[in-house]
Every structure is written in C-alpha cells, then in structure tokens.
Amino acid sequence: MPRVSAVACVVAIILISLYSAITIEGVIASNAPPAVVFSLGTADRDVTYCNSQTMDIYIPSVAVTHPLPLAIYVHGGGLTSGDKADISPIFLNALASAGYAVASVNYHLAPLYKYPAQIEDLKCAIRYFRANAQLYGVNGSEIFAFGTSSGGELVALAALTGPHSQFDIGSYLNESSGLTAAVDMFGPANLTSYASYSDTLRVFGNNQTKLVLASPTHFVTANSPPILIIQGVNDTNVPESQSIQLYGELTAARDQVQLVLVQNMGHMFVQVGPEPLSPNLGQIGQDMVAFFGKYIAGG
Amino acid sequence: MTSTNHPSGKTVASRAWGLVVVGYSITAVALVAFLTINGVSGIPDAATIGTAGLVVIGLLLPTAGMLQLGRRLSPIERAARFGFAMQALGLLGLLFGVVLVVEVTTLSGYFLSAALIAASGVSATAGAVLLRGHYGAPQPRSRGIAYLILGTLLLFTGVGIIVGSDIAYEYWISQVENTVYVDMGATVSACGCVLAAYSFFVLHNRSSS
C-alpha cells in the first residue's frame, strides 16, 4: 500500500506538470498570432524602426503609380497588448489592391513603457517613412493611418497633434510626423470621461493628468487632417458616446470628419445579435480606401 | 505519540488524518482547475465559482484536520501540538491571503496579501519543522515529515509566484507573461499539495501501524 501511494504521488506530480506545460504552451501559442498572408505583392517583415521597434511592410505589385501612398496600421490592445500581425487581411488587401503600401507597426507597450511612449513611437514611425520614402518607394506627402481601439486613439492623436508636437522625440526630428488623413476605428476619444477605461494605473502610472494628453478631443483644432470615425453601435468596451463626442468637436471646429456607425457591431468588429454587420467589413475597407483616395493628389 | 488507544479515538484520529489528505488533494485539483481557466476569456461563472469553492474547501479541511490532530496529542507534547496549530494557522492565513488577492485590485491590497501569505508560509513551515520532533523516527516517518516540509514550501512558493506576478503585472510584465507565471505558480502549488497529502498519508500509516 505505501508503495502504491508513493507511485500515485509521483504519477500525480508528473501529470500535473505535463498538463501545466501543455496549458502554458497553449497560452503562449494563442498569443503569438501567425504572420499575415499577403499574396498581392511583397511583405518585408520585422523591419526595425526608431527605438528598436518592428513593423511589417507590405508593398503591392499591382501598383500603377509611383511613389505609392502609404497607410500605416496601428493595432489595439489597451496600449498593453496586441501585435502588428493583428492587421485585418480584409483591410490590408483592400488597400493593397487600391495601390497603397501598407505598414503595420509595433510600439512599446505598458506597463513597462507608460504613456506617451506609444504615441511617440507612432510619430517616429511616420517620420521614419518620410526620411526613408525613397527606400520604400512611398510618397512622403501621402501618409495615412488607420487603427483599431487604442490604435484608433493613437492615429487620431497622431493626426490631431500635427507635424511637430510634444510627442516628437527621438530620430528624424527634421521630418514631419503629420498625417494626410486618418481612420479611427472605435478608439477612445476622451479618457477623462471614459469610465470603463481599465488599466489606467498600468498605462499612465500615478500621473492621471496623462489621461488628458491621451485624449484626441484635447487636441481638436481647426484645420486638422481629415478623420473618418468607424464605431460599432453595440460596443460596450469603447462606447458610442466616445466617437460621437470626437465627431461633434471636430465638426464644431469645422474640420473634415465623417462618422460611420456600424449596426450590430460590438468592439473589434464582433457581431452582436443574429444580424450581420452593416456595413460589413468589406464595405468598411472600401469606405476607408475611398476616404483616403479623396486626399491623394489627383485622386 | 498520538493518543489513539481507545477504539473511537482511533476513528476520530483516522478521520482527522483523512481530512488533511483529502483536503490537500482537493486543493491540488482546485489549482489544476485554476490554471485551466486562468487567462481564458468567456469562462462561465459556474466554473469560476466552482474552482473558488474547491480552494476554500480544500484549505479548510486540512486546517480542521490538523487542529483535531493537535488536540488529540497529550499536553506534554507541546511542540507537536504547537506544530499542528501553526500548520493550521498557516493554511488559514493562506486562505485569507488568496481571498484578498482575488478581491482587491489595488497595489496596496496585493502587497498586504503578499505579506499575509509570506507570514502564513513561515508559520506553516515552522509548524512542519516542529512536527519533526514528534514524527522524526523511525526513518520512513521522518521521510514523511521531509515531504511535508517540502510540500508546504512548494505550496507557499507557488502562491507567492502568483501574487508576485500580479504585482509585477502592474509595473513590468504583459498579460500573457502574467498568465504564464500564474500558471507556473499554480503548478508548483498543486505539486506541493500532492506532496503534503502524501506526507500525511505516510505519517498516518506509520502512526497507526
């Protein structure tokens, strides 16, 4: 009997350890998204920019004009998680088919890097492309950006803070970090009134005044770059009121702004209820291409 | 030696040993359940509540068992009585510490929980060491005490890793890293529980033979 119990003890410990190893491997695997498949041209992955951050650059082979306009994608994840591989293939292909080079960027994440490290990285990425426009065959005066969730917040901030701001630090400071136009997909707009914004301590530390500096509404002025806002009406993570407030303030400042309210959509394009998204993802992608197209020279 | 000369006394003592062994086993199962649901979104409330319930029962049973075992010792065996009491106190403190770390989401709460768990770990380990004098010989029984000390250390180290990871999550590490470290902590603790359950099984067999 004692020998049986000893064997049972050893077997239990081995099984627990094996099960744990499998579980942990699953956690790691599920959080390392596979590389995005891109069949419309060449993909240059893990390009290092600015402060040791990486980006994937997709250059379409179907382009008819050179240099190419560039659309930068900024992933979401509450500024604490997410990856450049989170880019939607639908949006990537829509832009590439229309002749846009697309870059999906990583940026420093909280809590190790508190805000404003994230917007500083994005601003630096924009300057990087202007400085290296010839290398990538992109047009430095036609740089667009689109982002989802906190990525939407960052692209709105990048657009509204203009070509040279307090967030421009680091490399290529002679270059502008301004955007030609931006698409903000359900990004938080005013963090001071964003009660459900979790992780404020992790992202901003004890300095809660940074909430203001992370709010696109704080930087609304006249003559800002055009912004298209995409918002799900069923989004409980970033409520509709956030996008409506930004739209209202941009409209009041006489800036060019459009708001598309997507029916049956929760956060991150999740369908809520039995009815499909309206407009659907393909149509949203085409809306974005059409919106950017209005601000391309001769477009 | 345990005072188990009376037949009904033997039954009570066996039940007390059983409580400890079963309790630690339940805690091990609860920790495996915890590492399964940790970091997974969309887990039903029933699964979370069930796991929490298992943890509470799993820690209360050995606490009760140890208090009974201590009470059954003669008053002159003060060190061993004290040892069981300190083990029980350690497990009770661990339970409060775990409840605290789940309930609070502030950094000060995490630190308070960490302090409580550390103190409980010291108490439980010291209790196991004190029992060594009572169960130190013959050799197989001293092996049982060695397993108990190791099991207790693993149990508290694992929970320490979990709380430490939660604190680090506020400052340095990502959600994925936190999930991985918490899973590792739960694994270490679960192995400690299995070892502690086995140690009491060995000690019981030796004391009743």
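Overview of the structure. Quantities reported herein were computed from a predicted structural model and do not represent experimental measurements.

**A short note on the nonpolar core**
Turning to step 1, where the next piece is worked out: Ranked by internal contacts, the top residues of the largest apolar core, which has 70 residues, are Leu70, Ala71, Ile72, Ala125, Ala158 and Ala182 of chain A.
Turning to step 2, where the next piece is worked out: Not counting chain neighbours up to four residues away, the residues in contact with Ala158 of chain A comprise Ile119, Leu122, Lys123, Ile126, Ala145, Ser177, Leu179 and Ala182 of chain A.
Turning to step 3, where the next piece is worked out: If you look at the next biggest cluster of nonpolar residues, it comprises 65 residues, including Cys9 of chain A together with Trp17, Ile26 and Leu131 of chain B.

**Remarks on the interface of chain A and chain B**
Turning to step 1, where the next piece is worked out: On the chain B side, the residues contacting the 21 residues of chain A number 23 residues.
Turning to step 2, where the next piece is worked out: Looking at the side of chain A that touches chain B, the elements that each hand over two or more residues are helix H1 (2-30) and helix H6 (200-204) of chain A.
Turning to step 3, where the next piece is worked out: A total of 13 residues in the side of chain A that touches chain B trace back to one element, the largest contributor, which is H1 of chain A.
Turning to step 4, where the next piece is worked out: When its residues are assigned to classes, the side of chain A that touches chain B shows 13 nonpolar, 7 polar and 1 charged.

**Section: the sheet that holds strand E8 (residues 257-262) of chain A**
Residue and element names in this part refer to chain A.
Turning to step 1, where the next piece is worked out: Spatially, 8 strands are ordered E1-E2-E4-E3-E5-E6-E7-E8 in an open sheet, and the strand pairing comes out mixed. In this open sheet, the two edge strands, each paired with only one partner strand, are strand E1 (41-49) and E8. The average angle at which neighbouring strand axes cross in this sheet is 20°, direction not considered.
Turning to step 2, where the next piece is worked out: As paired strands, strand E6 (residues 181-185) and strand E7 (residues 227-232) are joined by 4 bridges and run parallel to one another. Looking at E7, one finds that Asp184 is bridged to Ile229.
Turning to step 3, where the next piece is worked out: Set on the sheet, helix H3 (residues 117-131) makes contact with E1, strand E2 (53-60), strand E3 (68-74), strand E4 (101-105) and strand E5 (138-148); between it and E5 the angle comes to about 155°.
Turning to step 4, where the next piece is worked out: Packing of helix H8 (residues 240-252) onto the sheet brings it into contact with E7 and E8, and relative to E7 it is tilted by some 155°.

**Focus on the packing of helix H3 (residues 78-103) of chain B against helix H4 (residues 107-135) of chain B**
Residues and elements named next belong to chain B.
Turning to step 1, where the next piece is worked out: Between H3 and H4, whose axes approach to 7 Å, the crossing angle comes to 160°. One way to sum up the angle between H3 and H4 is to call them roughly antiparallel. Crossing geometry of H3 relative to H4 is assigned as left-handed.

**As for helix H5 (residues 150-160) of chain A**
Residues and elements named next belong to chain A.
Turning to step 1, where the next piece is worked out: Judged by how many residues are buried, H5 sits mostly within the fold: 11 of 11 residues are covered.
Turning to step 2, where the next piece is worked out: Within H5, burial applies to Ser150, Gly151, Gly152, Glu153, Leu154, Val155, Ala156, Leu157, Ala158, Ala159 and Leu160.
Turning to step 3, where the next piece is worked out: Among the structural elements, E3, H3, E5, E6, E7 and H8 are those in contact with the buried residues of H5.
Turning to step 4, where the next piece is worked out: The first or second residue beyond H5 is Gly162, which carries a positive phi of 75°.

Procedures and definitions
Residues numbered from 1 in each chain as written. Chains lettered and ligands numbered in written order. Predicted model: local features only at pLDDT ≥ 70, side-chain atom pairs only at ≥ 80, totals over all residues. Core = buried A, V, L, I, M, F, W, Y, C linked by C-beta atoms within 7 Å. Buried ≥ 20, exposed ≤ 12 C-beta atoms within 10 Å, placed from the backbone. Contact = placed C-beta atoms within 7 Å. Helix = DSSP H or I, 4+ residues; strand = E, 2+ residues; numbered from the N terminus. Nonpolar A, V, L, I, M, F, W, Y, C, P; charged D, E, K, R; others polar. Pairing = 2+ DSSP bridges. Axes fitted to C-alpha atoms, helices over the stretch in contact; angles between N-to-C directions. Parallel < 35°, antiparallel > 145°, perpendicular 65-115°, else oblique. Left-handed = near helix turned anticlockwise from the far one by under 90°.

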